[in-house]
Structure formats: C-alpha cells, structure tokens
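Okay, here's what each chain looks like letter by letter:
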Amino acid sequence: MRKIFVISLLMVLVLSVLSGCWNQKELTDLAFVMAMGFDKGENKKFEVSFQIVNPGNVSSGQNGAGQGLPIAVYKSAGNTLTEAARNATKMISRRLYYSHTNLIAISEEVARDGILDVMDALDRDPEFRTTTQIVVARHSTAEELVSALTNLDKLPVNKITKELKTTESMLGENTRVNIDDFLAGLVSNGKEPVVNGYIVKGNKEQIGRADDLQKTKTETFLEANGLAVFKNGKLTGWFEHEKARGVVYVLDKVQSTDINIPWNGKKHAITMAPIRTKTKVSVHFKNGKPIINIAIEDEGFISEANTDVDLTDPKVIEKIDKLVEKEIKQQVMESIKDAQKIKSDIFGFGERVHRANPKLWKKLKGNWDNQFAELKVNVKVDSYVRREGIRTNPFWFNMNK
Amino acid sequence: MPILSKLLKKKQKQRKNDNYRQQQDPQKPENLPILREYKDNISRIKGEFGNSNDIVIREIVHCKHRGALVYVDGLVDSRAISDFILESFNENDIDTDGMDYFQFMTEKAVALGSNEVIHDWNQVYDMLLSGNTIIFLEGYNKAISGETKGWEKRAITEPSTQLSIRGPKDSFTETLRTNTALLRRRIKSPNLWLESMRIGTVSQTDIAIMYIKGIANEKIVKEVKDRLKRINIDSISSSGYIEQLIEDQSWTTFPTTYHSERPDTVTSQLLEGRVAIIVDGTPFVITAPALFIQFFQAADDYYSRFDISTGIRLLRILAFIIALLGPAVYIAGTTFHQEMIPTTMAIAIAAQRENVPFPAFVEALIMEVTFEILREAGLRLPRAVGQAVSIVGALVIGQAAVQAGFVSPVMVIVVSITAIANFSTPVFAMAIAARLIRFVLMGLATILGFYGIMLGLMFMSIHLCSLRSFGIPYMMPIAPFNMRNQQDIFVRFPIWAMKYRPMFISKGNMVRSGENQKPGPPKQGDDNQSSKGES
C-alpha cells in the first residue's frame, strides 16, 4: 500500500516538472492565423502576410461584437517561412497559432518562380494542417488576397474555402486542392498538381477597407478564377471555364454542372444539369503503348428548355442524351489536348499506367512528359436524363400549337 | 496518507488483540439479579436513571400483593398498559391463596401479546428501553416484562431521494419493524430470512439482516454477519455508520455498498441474492455486495419497456461521464488543444474569453466552487429562504459574473451542464464521487491537457478494477467480463430474456424464469395453447 502511494506521488511530482516545457497556452494569448499569403520580397526571398482573426469582432455575443474589422493582416519578410514568422513576432503581441489556418495564398509571381521552398515548412510544422487549402492569387499579390474583406462571411477565409466547396460540386470549374494533394502531385512522376486561382476583382484601393462593406455591391470582391497548372513545381499555365471543367471531370470531382446544347438550330436551347457524375479512368496497352480510356457516366435533369421540344418523347430524350454526351466529350477532349500541349500530366495518367503496368512504367517514366503529350486518350460519355423538373413539356411546346 | 494508514494498521492490530468485541460494556451496570423487595428495585431504577421523569413508576396493590409497574413514557402504548395491565390488577376478588401468584400473573392476568419472565438487571434495562413494561412483584426475585411497545412513527411516505414515475410510491421509514414488514409483504416466502442483532454499546441500535435463503450466497451472508459482529462502537446513528464500518475499502470515493429507500429496489436486490441490512432509525436500507453498474440502474428501468430503459440508462452513463469530465475537457481544450476545436467554435470561445482576467483553470475553479457552495447551501437552507438564494445564485452565476467579465458564457454553460448531468445519477453516493474526482481531473487537465485527463481516467479505472465489495469485483461483469450477466448492464434486456441472477452474488439458484417466456400471439396449429387460454 505504502509503495503504491510513494510511486504515485513520485509520478505526480515528475509530471509537474514536465509541465514546464509543455505547451500550455491560453486561448487569449494566441493569434489565430487564418490565412497566409506568400509574395516575392524585395530584399528577402519572401514576404509573408499573416491574416489574423480578431475573435471579439467575429463572434457575436454579449461583449458588443462586430464593431471592428474581423481580421488584421501583418506582413513580414524572410528568406524562409520560419524566418518570416519569427520576424512577425516583432509586430504581433500574441503567439502565432497555425492550427486553424485554412488557406495558403501564393502570388502568381512566386508560383511561376517555383514554390518548392515554401512547402516543407508547411508540411513539417506540427501545428500546421496539411488539409489547408492552397490557392494562387491571380493578377494581384497574395497580400491583397488575404487582406480583402467579404460581406457575407465575416471571415474571408471561410468565404474562400466554402466557395471552393460549393462551386466544385455545383459547377465543377474548380476543385479543392490542399497541401497534401499538392505535395502528392509534386512528388509523383506520373501526376502534376493543379491549384485554384483566385482574383481580387474591382477597385484595389478599397481592399481591406471597412466602408467598402457598407455597400450592397462591394467595390472589391474575391472570385475563384481558373485552374493553375504546375509543372516541376512551377506554374506553367491556366485552364479556364470549360477547359477547367474538363480537367475536373477527368479528376472525378464534378458532381453537378450545367451543359448547354443547341436545339432546333437555337444555341444554348436546352440545359441539362447532371446530379451524379462518375468518371473512371483505365489503361490498356497496345503495341507496348498505353492508351487511356476515360468513361464518364452522368445522370441529370433538364433544368431549362427554351425551345419547342417534346420532352415526353423518349426519342427526343435519347437525342438530348447524345448531344449532352457530345458536349461533355468535347470539353474533356479540349482540356486533355491543352494539357498535352504544355506537357503537364495534371490528370494523373502516369500513375494509372504505373499501376497497370509497373514494368513498362519504369521505361516510360524518364520521358513521361513527352510520352504524355503523344498519349492516345479515348473518352466515352454516357449521359442520362432522368427527369424534367416539375414540368414535362415547356410552354414553348403549347405556344406553337 | 502513509502515516495515516500506518496508524490505522496499528489500531487494527490492537483490535485483533482485543479478541473482537467485548460482550460486556464497562459502562453498563454489573449483571445483578433482581431483588425480592420491589421497593429496592424501584429505588435502584430511580438511582440508575437519575430520577429521569420519563421513567414512570406506578405502585399497585392487587389481592394483598404489592408491586410496581415501570415503563418509559413515550416508548409505550399507554392504551395497552391501561387496557391490558392495569385492568387485570383491578380484579381484586381473585383468591390467590395456594397458587403461585407470579405464575398466575404472567400467564393469565397480564393480557398482553408477549410476556416474559426476566431475572437480571441487564434484561430489565433492555426491555424497559425497548418500550416494554416491567412489573415487579413483592417477594419475587424476578419480574414480568410485557410488550407494550408503541411510539410515534412516521407514516410511510413517497420516497424523497429516489423517485420513480411508474413504480410503487412507498418508501422505508425510521421504524425497523415497518421496514421489514414492507419487505415481507413483497416477498411472501418462508425463505426470506431475518436475523437481528444489536449494535452500539450505548445506543443498542436494532439491526436486521435479511436475505433469501437458497438464493443468497451463504459465504457472503456469513461475511456480512461477521463484519457486523465485529463492530464495536458506542452508537449507530444512521445506516451510514454501518456502511462505513463494513466497507471493503475505505480509501475510495466510490460507494461499495448500495443503499436505497425504495422497498421495491431492495426487494429486487434480495431476489438477485444480495443481503439487506436494515438499521433502526434510518429510512435507508443497505444492500451488499454492490457493483459499479448498479448505481446506474434506476427502479424505473425495469418498469418501462426495455428499449426505452436501455436508451435512458445509456444517457445516464453519458451524463456521468459529462459530470466527470465536463470542466476538465473545457480546460484541456482551451489551454492545450485549441487545434481540436472547430475553427468557428474556437474563435467564438476565444472571443468570449478575450476579456476574462483569469486563466481557464482558475475560471473553471471559481465557477465550480461557487456552484458547489450554492448546492450545499441549498441543501441546508430553511425552505423559506431557499427561493431567495436560488435567485441570487442564478444571478451571480448566470448573469452578473458574465457581465462583469469574470467568467465567459461558455464556462457557465459547461458548469451548468456538468451540474445537471451530475443530478441524473440515480444514487447520490455515486454522483458525489464524480463530483470529487471532477476536481482532480480539472487539476490534471491544467497541467497536462488531455494527456492528464487520460492519465487520471487510467488511474481511476485501475482503482475501480481493484475494488471489491464483499469479495465480489466491483466492476463485475464488465471486468472480469461475463457474457451471461450482460443482460442488465448497458443494455437492459427484455424481462423475459433476463434469465439469470448475477454470478457470485447469487449461488446455487441461478435461473430466475422458466423457458419460453417471450410473449406473442398464439401460433397457428398450436391448438392446445389457445384452448387452454379460452377455458
């Protein structure tokens, strides 16, 4: 009995000694870094902008919240990320805390020069989450991007991350990419990463000004814009709109989108909105050369029919299906062609080949970029219109009778 | 602690040397015989009781014989005395010559339920103080003791601490006999055995041990009796005394005996093979052995359907965990593991804590202690003031503290949830254990975060597993695991599926119900059954 007491007493004593180097930190001593922006520095290699949340101004409560700005941005320079972060402590009263960082913004300039020097710090730091989203600030500095205020979501970061999630599933021209995905693409021979582009639109003078938020139509706002294609850790090109959608289609990230098809000679007459989309990529080999087969299957409903069309006729539906298939196939083929032009395998075809035939891959991987450019890709789309909304035939159908 | 346990060990050794309990208490007068002269006896009683005026002495003359009645006012039924004792002394025309007058009075005249002839003074005091009337007759060195017990009793009322919605509404009272009767009425079997003893050298408190012969484990019954016999203490004020004197382990916050004021609960425990200890003067009956999970089983669990009671029991266990961990998790979360809180919530908490001048631990401690004070005060307050205090308390904890910026609203939420969760444990003894351990865990969370909480919980589990209640592992049947007895642990099986009594506690007669107890409509083609039902 006595022994147990002595042992437990010792344990407790030892533990209290340990607590000295334990990282106890009060919430009020932390500066929650919500987003970080990387720009090219003048003297030092990087200029890092820290978007720090001001909790009292975000959360509504009894303490009269919502008066000031929800975020504060501090900028510091350094040759490495750590150096910049340590330099920032000269300006910030609280300890920088990265566990809730949800966004990394990289300026286009830095992205073109190569962002490899940033990535290890993000990957290594125990506080930092590799599920953090990464975006490229297009036509603006990363500082401007992280300084911008938004009016619907109090925290600009939330706007960006939520927006990416929504647009990925509703439109499919962007796809969420986090640090993990990016690094996976970076290290893989048979895959190159894509990153979302974000732009600050409008009057840049108004960035980060509270009075801009007093307007229903703010002068500056953030918008997801295009997909940045990387090659060897460097930004090499942009995919926009349908081409970006083609990429997202192949990556099997599209859930819903809108496909316009012509009818009766009228352009954009019928819109089909898929509700479920599934992409399967497979490889087969012919004469020792890989051929990629992409099978896309989607189901959806007619969301608009702006022409005289008899939607009760199965043959018409069949025809619509065919046209939708053609449209999707064209979009996908164009993105593939563009990617082949810049020799960047953003679809991960190389990985598929690797998995399907490891022996062959050993031969191919040294020269995969060129192989990819000449790769034969078959796209097969199966589209089904499952329903027509709460109307069968459009009013056009009755009008012309 | 080590010093204290050392001291205790020494004492225990001494006690062993004393060869258990001394039957004779030094404070008690020597065992003297009753004197022939009744006046001497009376003066002796007067002297012994210091002329206390509730000792009523009434001299009588009957058929030339003289004598005296002695009883304690308040302990006796005065109607019984006047109707059955004094009445018989009024018949003066009996010829008593040539017969044994004493014998006659004992057998015929004193018309009471039970008469006894006593010879020595110890018996006199015993009987007198139990509410009997002692009749001294001149010329006899013995006395008659007539049973005239009858003191003020509290009526059987609804239980005040262990309420039930559907169950019976009676509860034990302070009177031992009423309590045993409540149990007898529920188990009409000769196998329900009752053994009684007196504990307390001065108080001489009546104690009854009840168990069902053939269901209860004989070894445990013997152990209970042995432990009770070992008690050598001046008085037993409540069953709480007994509980603390017969526990297996004193160094624990967890109760290792169960107590209930509900006769139905005790009945079901007797039927599971447990032993009930009923103490005169306490409306709480102790049952042993007690298992950890038993403190989460409420009477209503068995009165409502099994799916509902299973859900509610799981909820109760969850509430216990909340009561145990609530503030500790808050402290660990806000001072160590901010990354584990969802971003929006972390920011919301940070916003609220922005102006709080204390670290999370101090904040939590202030609130918890304030609440404990309020709760304790609420228990002891006169009813009339109660409401005023609860209003002040609600204002102090709820609003003023938050508005003054001393504590954050989240903390108020945590404290209130913890407090409410704590009240959902059916037995107070277990709830109070959680209350105490909560503070330890809060301290650990402050020093080590979740690691500390886990450490604390580990120690707690080890401790729980080391506990025994009358030799039965406290965590039965979870650890050691027993498949057969899982029927009433986390999931309360339907009554027809609860076929077995708990292992070890009950021995020999393990099966409770017959085969095919599952109810259902009569099966087709099963004519026998349906015709039986009709006839």
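Only a predicted model underlies this, so the values are computations on that prediction, with no experimental measurement involved.

A. Geometry of the overall build of chain B. Scanning chain B from terminus to terminus reveals 17 helices and 12 strands. Its C-alpha atoms give chain B a radius of gyration of 30 Å, more than 25% over the compact-globule value 24 Å for 535 residues. Dimensions of chain B along its principal axes, counting C-alpha atoms only, are 105 × 75 × 50 Å. Across the 535 residues that make up chain B, the buried fraction comes to 34%.

B. Focus on the overall build of chain A. For chain A, the helix and strand inventory stands at 14 helices and 13 strands. Projecting the C-alpha coordinates of chain A onto the three principal axes gives extents of approximately 90 × 60 × 60 Å. Counting across all 401 residues of chain A, residues that qualify as buried make up 41%. Looking at chain A alone, contacts between residues at least 24 apart form 71% of all its contacts between residues at least 6 apart.

C. Region of the structure containing the domain arrangement of chain A. Residue and element names in this part refer to chain A. You can read the domains of chain A as domain 1 (27–239) and domain 2 (252–401). Here the C-alpha centre of domain 2 lies 33 Å away from the C-alpha centre of domain 1. Each side of the interface is counted separately: domain 1 has 17 residues, and domain 2 has 19 residues. Within the residue set of the side of domain 1 that touches domain 2, elements represented by two or more residues are α7 (156–170), β8 (220–231) and β9 (234–239).

D. Representation of the domain arrangement of chain B. Residues and elements named next belong to chain B. According to the domain assignment, chain B contains domain 1 (38–146), domain 2 (176–290) and domain 3 (306–473). A straight line from the C-alpha centre of domain 2 to that of domain 3 covers 34 Å. Between domain 2 and domain 3, the contact holds 14 residues from the first and 13 residues from the second. Examining the composition of the side of domain 2 that touches domain 3, we find that 3 residues originate from one element, helix α7 (residues 218–230), more than from any other. Across the side of domain 2 that touches domain 3, the residue classes break down as 7 nonpolar, 5 polar and 2 charged.

E. A look at the nonpolar core. Grouped together as the largest cluster of nonpolar side chains are 181 residues, with contacts concentrated most on Phe32, Ala105 and Ile106 of chain A together with Ile277 of chain B. The element contributing the most residues to this core is helix α10 (residues 306–335) of chain B, with 10 residues. Counting 24 residues, the second largest nonpolar core, distinct from the first, contains Val72, Met127, Ile135 and Phe136 of chain B.

F. Quick peek at the packing of helix α15 (residues 428–448) of chain B against helix α16 (residues 450–466) of chain B. Residues and elements named next belong to chain B. Packing of α15 against α16 brings their axes to within 7 Å, and their N-to-C directions diverge by 140 degrees. Where α15 crosses over α16, the handedness of that crossing is right-handed. Along the contact surface, α15 presents Ile437, Val440, Leu441, Leu444, Ala445, Ile447 and Leu448, while α16 presents Tyr451, Gly452, Ile453, Leu455, Gly456 and Met460. Residues that form the contact of α15 with α16 fall into these classes: 11 nonpolar, 2 polar and no charged.

G. Structural detail: the confidence of the model for chain B. All names here are of chain B. Put simply, chain B has an average pLDDT of 85, and 92% of its residues get 70 or more. Per-element confidence in chain B is highest for strand β9 (residues 275–279), whose mean pLDDT is 95, and lowest for helix α17 (residues 527–534), whose mean pLDDT is 48. Between residues 17–26, whose pLDDT stays under 50, and residues either more than four places distant or in other chains, the model counts 5 contacts. Within the model, pLDDT remains below 50 along residues 530–535, and this stretch shows 1 contact once partners closer than five positions in the same chain are excluded. The complex model carries a pTM of 0.82, and its ipTM stands at 0.82.

H. Quick peek at the pairing of strand β5 (residues 103–107) of chain A. Residues and elements named next belong to chain A. Burial analysis of β5 places 5 of its 5 residues in the buried class, which makes it a mostly covered element. Because side chains alternate across β5, one face comprises the buried residues Leu103, Ala105 and Ser107, and the other comprises Ile104 and Ile106, equally buried. By the bridge criterion, 5 bridges tie β5 to strand β6 (residues 133–138) in an arrangement that is parallel. Its bridge partner being in β6, Ile106 is matched across the sheet by Val136.

I. How the structure looks around the pairing of β8 of chain A. Residue and element names in this part refer to chain A. Among the 12 residues of β8, 9 are classified as buried, and the element is accordingly described as predominantly covered. Here strand β7 (residues 194–202) runs beside β8; their pairing, made up of 8 bridges, is antiparallel. Each bridged residue has a counterpart across the sheet, and for Tyr198 the counterpart in β8 is Ala224. Where β8 and β9 come together, 5 bridges link them in antiparallel fashion. Bridging across to β9, Ala228 finds its partner in Trp238.

J. The arrangement of the sheet that holds strand β13 (residues 376–387) of chain A in detail. Residue and element names in this part refer to chain A. Judged by pairing direction, the sheet is mixed, and its 4 strands sit side by side in the order β10-β11-β12-β13 without closing on themselves. Two strands in the sheet have a free side with no partner beyond their single neighbour: β10 (259–263) and β13. Put simply, the sheet's adjacent strands are angled 35 degrees from each other on average, direction ignored. Where β10 lies against strand β11 (residues 266–286), 4 bridges are found, and the strand directions are antiparallel. Looking at β11, one finds that Asn260 is bridged to Thr271. Lying on the sheet, helix α10 (residues 314–341) is in contact with β10, β11, β12 (289–305) and β13; it crosses β13 at an angle near 145 degrees.

K. Structural view of the UniProt feature "domain: Spore germination GerAC-like C-terminal" (unreviewed entry) in chain A. Mapped onto this numbering, the UniProt entry annotates "domain: Spore germination GerAC-like C-terminal" (unreviewed entry) at residues 225–389 of chain A. With 36% helix and 41% strand, residues 225–389 of chain A has end C-alpha atoms that lie 30 Å from one another.

L. Up close: α16 of chain B. All names here are of chain B. Over its 17 residues, α16 extends 24 Å from the first C-alpha to the last, a length consistent with the 24 Å expected when each residue adds 1.5 Å. Within α16 the residues assigned to the buried category are Gly452, Ile453 and Gly456. The arc enclosing the buried residues of α16, seen along the axis, measures out at 100 degrees, which places them on a common side. Of the residues in α16, the exposed ones pointing more than 90 degrees away from the buried face are Met458, Ser461 and Ile462. Along its buried surface, α16 packs onto α10 and α15.

M. Helix α13 (residues 383–403) of chain B, seen in detail. All names here are of chain B. A rise of 1.5 Å per residue sets the reference length of α13, with its 21 residues, at 30 Å; its end C-alpha atoms lie 30 Å apart and thus fit the reference within 8%. For α13, the complete set of buried residues consists of Ile397, Ala401 and Val402. Where α13 is buried, its residues touch α12 (360–380) and α14 (409–423). Backbone geometry just after α13 places Gly405 at a positive phi near 85 degrees.

N. Examining the sheet that holds strand β7 (residues 205–212) of chain B more closely. Residue and element names in this part refer to chain B. Taken together, the 5 strands give an open sheet; going across it, the order is β6-β7-β9-β10-β8, and neighbouring strands pair in antiparallel fashion. Where the open sheet ends on each side, the last strands, each with one partner, are β6 (192–199) and β8 (258–260). Direction aside, neighbouring strands of the sheet carry axes that sit 25 degrees apart on average. With 8 bridges joining them, β6 and β7 adopt antiparallel strand pairing. Each bridged residue has a counterpart across the sheet, and for Ser196 the counterpart in β7 is Ala208. Each of β7, β8, β9 and β10 (285–288) is contacted by helix α9 (residues 263–271), which is oriented at about 55 degrees to β7, the strand it contacts most.

O. Focus on the environment of Pro126 of chain A. Tracing the backbone through its elements, the reader meets Pro126 of chain A in the loop between α5 (116–124) and β6. A sequence separation of 28 residues divides Pro126 of chain A from Tyr98 of chain A, and the C-alpha atoms of the two residues are 9.1 Å apart.

P. Seen up close, unusual backbone geometry. With an omega dihedral of -5 degrees, the bond running from Ala288 of chain B to Pro289 of chain B counts as a cis peptide bond. Within the secondary structure, Pro289 of chain B is located in the loop between β10 and α10. A cis geometry characterises the amide bond from Met476 of chain B onward to Pro477 of chain B, with omega recorded as -10 degrees. Summarising the element assignment, Pro477 of chain B is placed in the loop between β12 (472–473) and α17. Here Lys343 of chain A, not a glycine, exhibits a phi torsion of approximately 55 degrees, which is positive. The topology assignment puts Lys343 of chain A in the loop between α10 and α11 (349–356).

Thresholds, definitions, all that
Residues numbered from 1 in each chain as written. Chains lettered and ligands numbered in written order. Predicted model: local features only at pLDDT ≥ 70, side-chain atom pairs only at ≥ 80, totals over all residues. Helix = DSSP H or I, 4+ residues; strand = E, 2+ residues; numbered from the N terminus. Rg over C-alpha atoms; globule rule 2.2 N^0.38 Å. Buried ≥ 20, exposed ≤ 12 C-beta atoms within 10 Å, placed from the backbone. Contact = placed C-beta atoms within 7 Å. Domains from an automatic or database assignment. Nonpolar A, V, L, I, M, F, W, Y, C, P; charged D, E, K, R; others polar. Core = buried A, V, L, I, M, F, W, Y, C linked by C-beta atoms within 7 Å. Axes fitted to C-alpha atoms, helices over the stretch in contact; angles between N-to-C directions. Left-handed = near helix turned anticlockwise from the far one by under 90°. pLDDT = per-residue confidence, 0-100. Pairing = 2+ DSSP bridges. UniProt positions renumbered as here; feature names shortened; annotations may be inferred. Expected span 1.5 Å × (residues − 1). Arc of directions from axis to C-beta.

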